[in-house]
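Below are the chains, spelled out letter by letter.
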Amino acid sequence: MIWPAAESSSPALVGLGRRALRALGPLAITLAVGAGVLGLSGRNPLTIYALYLVQAVGGWSRLASTLAAATPLVLTGVGTSIGFRAGFFNVGLEGAVYVGALATAWAGTVWGQLPAPVLPALALLLGAAAGTAWLVVPALLRSLLAIDEVVTTLMLNYVGIALTTYLVLYHFLYKTIGNAQTPPIATSAQLAPLVPGTSLTAAAGLAFAILIGYGLFLRRTRLGAEVRTVGDNPRFAAAMGFSARRAAILTMLVGGALGGLAGGIVVLGVTYNFTAGFSTAPGYGYSGVAVAVLGRGSWVGLGLAALFFGALASAGGVIQLFGNVPIALTQILQGTLMIFAGIRLVQLRRRRRHPATGGETDSGGDGSWR
Amino acid sequence: MSAEPATAAVHMTGIWKRFGAVQALADVGLTADPGEIHALVGENGAGKTTLVRILAGLERADAGSVDVNGRRLGPHHSPKEAAEAGVGLVQQHCQVVPGLAVLENLILGHEPTRLGLIHRRQALASTRAIADRLGYSFDWYAPAETLGLGQRQRLEIVRLLWRRCSVLVLDEPTTVLTAAEVANLFEVLRSLAAEGRTVILITHKLDEVREVADHVTVLRHGRTVGRIPRQRLDLDELARLMVGELESPPVRQPAALGEVRLRLRGVTTPAGEPGTQALRGIDLEVRAGEIVGIAGVEGNGQAELCEVVVGLRRPASGTVEINGRSVDGLGTRARRALGLAFVPADRMEEGVNPLGSLWENVAAPQIVAGRGTRLGILDRQRLREQARAVLAGAGVKGDLDLPTRSLSGGNVQRLVVGRELQQPSVVVAAHPTRGVDVRGAAFVHRRLLDLRRAGSAILVISADLDELSQLADRVLVLHRGGIVGGYAPEDADPARIGLLMSGVVPEARP
């Protein structure tokens, strides 16, 4: 009551500060955990973190590597986040990444006689279509029978990983090499690096365009309004006649498409083939969950979170070569962030059960997802 | 009855309590003597529960004094102080601690100890003695969560007696009981009163008052409107006091009744869903230019009736027609497209998206219907302009981009009414003025009457009979999911309405 005027004049600012704090808290704690581990192993955390910083953003080629590493994470982050925004916890992008990557690799090999601009586009479209198809069943189960999407999408990830491994080994194996991988894609299918020596390709532009498209979709379109309303307050949405079913199907399928696209981009721009189990520790799809949670639904937040994860991955790979820093540290940092993402996910889920498509109503919740 | 003795068991005077914009209690008094069963009656929202929560120290009065057994409890006493003075409250839904045995639950927080250990034998002996006297038996070492609701209530009574409460307050204890359990409860209450304890019984069921009460205090709209000893108890008068002398209805233009816009035929919903009251064969017609009111004690199917009409709940049998067309296969969006408007009871959960901006909340029907959008893109400028006009018309001030949760409850209702009541063909309005201040309520009523004149068919559900008699051309009473009777406000007989709402069939009363 002492400063009522100040309080009422800047609620937006206060809210912004609180949101920034909540978003940055996990990062700060993660860095502290890493510092503790470094300190215990007799290294100076500040020196090592400075090394990370230099390797992540010091110079054009390092920056390009960070952007390249962030590219698939932007896509899986957006794909996961759009489901969250409607209140659906689609964690099945990992599986979509695998089937999308395999489909893209197949197209890139089999349609090799197509010219350069056409082939990558078609191959990526096929990858996105495969990712979409991958999540059709969980989307329908969720929207028609109210079957928990977390269980179905999570389990389907393992199916996707195992299925693609099987397909590679028994149907698409590149027999001249001992690895479980497909033959290399045609040269015309490859995405050329924009900065030599890195895997930054035009796909990064596509990913960030999709990121902005996500922001515009939610704010400016009728379906985006439906997605947000269903996610914010399912009972109100139902009373107004918004369709939670449509929101569930739409967001889960878009998530599948973006997962498939992310897998395809890795194939065309980084690996040039499909290798069984290529998306590991923590996996593009699972990292996308962390990016979505830490990015808190806004397109800016998602972009920053993806860049942070990208920086960690690109710097971590280099740093172990000459920094006397084991790659395990990078994994500790990623793992700690994933723990926060997991906690946050459980909190969000408690808050948003969908009465409109079955499940319990749980009122309350401050809507901090926004 | 003589003048009040100096040492009433409970003496509350001049109690005031306000929750936000709602004056829950205004200068309320309650005096109960030792050895009597004192009924506290009133409609939902009359302030009964608030009053006893203040007595038990669970709520702080804004003003007033509370004396228990001649002892003044501080202006803001704690639950502990109330308990020490001898006040014990049996809440409507008794909680137990799961995982603990019945006995452990009972002695929780007051365990008798010997050498620092819980003296189980003594605890069992003392509690069992009380239970035996009341004729209760428990499986003392069974997990408490296995107790049914009636058993939990008994456990609570034993607990309070074990803690030597002299004033027992029971908040609507009979709602969870079967008829046999009710009879048993009343017997126990009578024996407790005979021991010199005071029992305060909250109820809105008049037959219960007739059966056990020595004295009755009647609350209406947060005021004490009557204090009647048993000898002068007259159920008709009590009903009238509870419900209030109905104001003479405002002069409505004689309605030019049009065609039937809303029709329900034999609408029945499945029984046995927890937390819902099944509808039992509802037949209902609302014509253009007519307001039909639904009266009744809350929880008798009002929410379910709304949901069936709006398309949020599927009936097991029966049909709903809007504008002469069956809408049984249609969802909420399609029904709204036919001109249905809905003012829901739970405005923060169903009426608005509190996280969304003001303009988006106002524009929601347009967005749903695809108006004000081009190729799926929102025409923000147009929608915002329309929202600005709606909000101005509803008297809501505030930035269009503010989140709706920043509005007060009354302003949220203005937003909802402004949005829904534009040019509807059929209106369903549930408790449209609950918790709304006088001017807000007048705005809502004016809007509804204007629409009636313009030819809308309007269904108003309310617990406020004054409101219904002011608005409605006829009123139907809902009880246990069925329509048990009806009346025209012009020849409303408050006693009969009160009895209908209490589930007492008028013809069967003595």
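Keep in mind that what you see is a predicted model, and the values were worked out from it rather than measured.

1. Some words on the overall build of chain A
- Scanning chain A for helices and strands turns up 15 helices and zero strands.
- Split into buried and exposed, the 370 residues of chain A put 49% on the buried side.
- Restricting the contact set of chain A to residue pairs at least 6 apart, pairs at least 24 apart contribute 75%.
- Only carbon and sulfur atoms are counted for the fraction: they give 71% of the accessible area of chain A, which is about 15,700 Å².

2. Some words on the sheet that holds strand β3 (residues 37-41) of chain B
Residue and element names in this part refer to chain B.
- Spatial ordering of the open sheet is given by β6-β9-β10-β3-β11-β12, a layout of six strands whose pairing is mixed. Two strands close off the open sheet at either side, each with one partner strand: β6 (87-90) and β12 (223-229). Taken over all neighbouring pairs, the strand axes of this sheet differ in orientation by 20° on average, direction set aside.
- Pairing of strand β9 (residues 167-171) with strand β10 (residues 198-203), which is carried by five bridges, proceeds in the parallel orientation. Along β10, the bridge assignment pairs L168 with V199.
- Along the sheet, helix α1 (residues 48-55) makes contact with β3, β6, β9, β10 and β11 (215-220), crossing β10 at roughly 150°.
- Packing against the sheet, helix α5 (residues 149-162) makes contact with β6 and β9, and its axis sits at approximately 175° to β6.

3. Thoughts on the interface of chain A and chain B
- Taken together, the contacts link 23 residues of chain A with 31 residues of chain B.
- Taking both sides of the interface into account, the surface hidden between chain A and chain B amounts to around 2,200 Å²; carbon and sulfur atoms contribute 54%.
- Scanning the region where chain A abuts chain B turns up three salt bridges.
- For R228 of chain A, the salt bridge identified is with E360 of chain B, shortest N-O distance 2.5 Å.
- Taken together, the links from chain A to chain B amount to 14 residue pairs in polar contact (both at pLDDT 80 or more).
- Among the elements of the structure, α9 (202-220), α10 (222-232) and α11 (234-240) of chain A are those that each provide at least two residues to the side of chain A that touches chain B.
- Within the side of chain A that touches chain B, the residues separate by chemical class into six nonpolar, seven polar and 10 charged.

4. Quick word on the domain arrangement of chain B
Residues and elements named next belong to chain B.
- Here the domain parsing of chain B yields domain 1 (10-96 + 147-243), domain 2 (252-339 + 425-504) and domain 3 (352-423).
- Between the C-alpha centres of domain 2 and domain 3 the distance comes to 25 Å.
- Approximately 1,100 Å² of surface area, both sides summed, lies buried where domain 2 meets domain 3, with 61% of it carried by carbon and sulfur atoms.
- The interface formed by domain 2 and domain 3 holds one salt bridge in total.
- A salt bridge links R336 to E420; the shortest N-O distance between them is 2.9 Å.
- Joining domain 2 to domain 3, the criterion identifies three residue pairs in polar contact (both at pLDDT 80 or more).
- Elements with a minimum of two residues in the side of domain 2 that touches domain 3: α10 (332-337) and α15 (438-454).
- Examining the composition of the side of domain 2 that touches domain 3, we find that seven residues originate from one element, α15, more than from any other.
- A per-class count over the side of domain 2 that touches domain 3 returns seven nonpolar, three polar and four charged.

5. As for the sheet that holds strand β24 (residues 482-487) of chain B
Residue and element names in this part refer to chain B.
- Spatial ordering of the open sheet is given by β18-β21-β22-β15-β23-β24, a layout of six strands whose pairing is mixed. The sheet is open, and its two edges are formed by β18 (340-343) and β24, each paired on a single side. Each neighbouring strand pair of the sheet contributes to a mean axis angle of 20°, computed without reference to strand direction.
- Sheet topology note: the strand β23 (residues 474-479)/β24 ladder contains five bridges and is antiparallel. Residue pairing in the sheet places L476 in a bridge with G486 of β24.
- On the sheet, helix α9 (residues 302-310) packs against β15 (290-295), β18, β21 (426-430), β22 (457-461) and β23 and is oriented at approximately 150° with respect to β18.

6. Details of the packing of aromatic side chains
All names here are of chain A.
- Going through the model one piece at a time under the given rule, you end up with nine aromatic pairs over all chains.
- Between Y98 and F278 the ring centres are 5.2 Å apart and the planes differ by 65°, which places this aromatic pair in the edge-to-face class. Placement of the pair is Y98 in helix α5 (residues 93-110) and F278 in the loop between α12 (244-271) and α13 (284-295), with a sequence separation of 180 residues.
- An aromatic cluster is present here, built from Y98, F274, F278 and Y284 joined pairwise through their rings.

7. Overview of a nonpolar patch on the surface
- Together, V136, V137, L140, L144, L145 and I147 of chain A make up a nonpolar patch on the protein surface, roughly 510 Å² of accessible area in all.
- Overall, I147 of chain A belongs to the partly exposed group, its relative accessible area being 34%.

8. Concerning the side chain of T80 of chain A
- In this structure, T80 of chain A sits in helix α4 (residues 60-85).
- The class of T80 of chain A is buried, set by a relative accessible area of 1%.

9. A few points about the side chain of T373 of chain B
Residues and elements named next belong to chain B.
- Residue position: T373 is located in strand β19 (residues 373-374).
- Accessibility expressed as a relative area gives 18% for T373, which makes it buried.
- In terms of polar contacts, T373 uses its side chain to reach the backbone carbonyl oxygen of G370, at 3.0 Å.

10. Details of the pattern of salt bridges
- Under the definition given, this model contains 28 salt bridges over all chains.
- The shortest N-O distance in the salt bridge between D346 of chain B and R235 of chain A comes to 3.4 Å. Of the two residues, D346 of chain B sits in the loop between β18 and α11 (347-351) while R235 of chain A sits in helix α11, which places them in two different chains.
- R235 of chain A gets classed as partly exposed once you look at its relative accessible area, which sits at 25%.
- Salt bridges here are not isolated pairs; linked through shared partners, they connect R263, R265, E285 and E321 of chain B.

11. Points about the confidence of the model for chain B
Residues and elements named next belong to chain B.
- Overall, the prediction assigns chain B a mean pLDDT of 86, with 94% of residues at 70 or greater.
- Looking over chain B, one finds the lowest element-wise mean pLDDT in helix α17 (residues 494-501), namely 80, and the highest in β18, namely 96.
- The model gives residues 1-5 a pLDDT under 50, and that stretch makes six contacts with residues more than four places away or in other chains.
- The complex model carries a pTM of 0.71, and its ipTM stands at 0.80.

12. Examining helix α8 (residues 235-243) of chain B
Residues and elements named next belong to chain B.
- Residues L235, L238, A239, L241, M242 and V243 constitute the buried set of α8.
- Looking at the buried positions of α8, the neighbouring elements they touch are β3, α7 (206-212), β11, β12, α16 (465-471) and α17.
- Phi for G244, located one or two positions after α8, is positive at around 95°.

13. Thoughts on helix α14 (residues 409-420) of chain B
Residue and element names in this part refer to chain B.
- For α14, spanning 12 residues, the distance from its first C-alpha to its last is 16 Å, which sits close to the expected 16 Å at 1.5 Å a residue.
- Along α14, nine of the 12 residues are buried, which leaves the element largely enclosed by surrounding structure.
- If you check which residues of α14 are buried, you get V412, Q413, R414, L415, V416, V417, G418, R419 and E420.

Quick notes on the rules
- Residues numbered from 1 in each chain as written.
- Chains lettered and ligands numbered in written order.
- Predicted model: local features only at pLDDT ≥ 70, side-chain atom pairs only at ≥ 80, totals over all residues.
- Heavy atoms only, no water.
- Helix = DSSP H or I, 4+ residues; strand = E, 2+ residues; numbered from the N terminus.
- Buried < 20%, exposed > 50% of the residue type's maximum accessible area, 1.4 Å probe, protein only.
- Contact = heavy atoms within 4.5 Å.
- Areas by Shrake-Rupley, 256 points an atom, 1.4 Å probe, with all protein chains shown as cover.
- Pairing = 2+ DSSP bridges.
- Axes fitted to C-alpha atoms, helices over the stretch in contact; angles between N-to-C directions.
- Buried area = accessible area lost by both parts, 1.4 Å probe.
- Salt bridge = Lys/Arg side-chain N within 4 Å of Asp/Glu carboxyl O.
- Polar contact = N/O pair within 3.5 Å; in protein donor to acceptor, adjacent residues only side chain to side chain.
- Nonpolar A, V, L, I, M, F, W, Y, C, P; charged D, E, K, R; others polar.
- Domains from an automatic or database assignment.
- Phe/Tyr/Trp six-rings, centres within 6.5 Å; stacked < 30°, edge-to-face > 60°.
- Patch = residues over 30% accessible without salt bridge, like charges linked within 9 Å, V, L, I, M, F, W, Y side chains within 5 Å.
- pLDDT = per-residue confidence, 0-100.
- Expected span 1.5 Å × (residues − 1).

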